[in-house]
Amino acid sequence: MYADDLAIIAKNDTDLKVLLELAQEHSKRNCYVFNSSKCIIVNSTETHLIHNVPIPVSKSFSYLGIRFNKSGISSKEQSIELASRMIRTIPIMKMIGFNFGFYRPPTNVAIYKTFIRSRGEYGLAILPRPNIKLLQRCQNKAINAALSTSKSSAQCATHLLTRICKMDVRNF
């Protein structure tokens, strides 16, 4: 058995070492192991071990789908990840007819809301407003694909036509 979705937070490397030893003892008593390749240590200069295997060090990590760094939630990285998910989904949807020439606009709006927007909304409520701009650009691109309009089209008009709220409205 493996441990999953666990976060150990320590003030310094000494405390982290103690907490890792306690976690390792607990795992031995309860017959499970930590997979060190799925563990990450942020903001440490020392090498730490679990089950005698070094734990990788990184500047950031994803925990339950949210990006973190040494300061806490990394809203910039989170925004970039969400935008990337949205953008990667658009060409996939185009392959099944996500455009004005194949489906009617209401169908394309439903496809957008179900398969594209949902990819960009995980953790949206915790992002500060400036980080929402990137997601709004991705939404505009998706709506343009759905309606087969150019990127120079008036975004207010496309949002009104599709009845799709802007991302900053969905943020609250």
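Structure shown above.
Heads up: these notes are all about the structure in this document. (Residues numbered from 1 in each chain as written. Predicted model: local features only at pLDDT ≥ 70, side-chain atom pairs only at ≥ 80, totals over all residues. Heavy atoms only, no water.)

## As for the environment of Ile111
Thinking step 1. You can see Ile111 is positioned in helix H3 (residues 105-120).
Thinking step 2. Each C-alpha atom, one on Ile111 and one on Ala142, is 10 Å from the other, the two residues being 31 residues apart in sequence.
Thinking step 3. Once residues lying within four places of it in the same chain are set aside, the contact partners of Ile111 are Met93, Phe98, Tyr103 and Ile116. (Helix = DSSP H or I, 4+ residues; strand = E, 2+ residues; numbered from the N terminus. Contact = heavy atoms within 4.5 Å.)

## Concerning unusual backbone geometry
Thinking step 1. Unusually for a residue other than glycine, Cys31 sits at a positive phi of about 60°.
Thinking step 2. With respect to the secondary-structure elements, Cys31 resides in the loop between helix H1 (13-29) and strand S1 (41-42).
Thinking step 3. By relative accessible area, Cys31 is classed as exposed at 62%.
Thinking step 4. For Arg163, which is not glycine, the phi torsion reads 60° and is therefore positive. (Buried < 20%, exposed > 50% of the residue type's maximum accessible area, 1.4 Å probe, protein only.)

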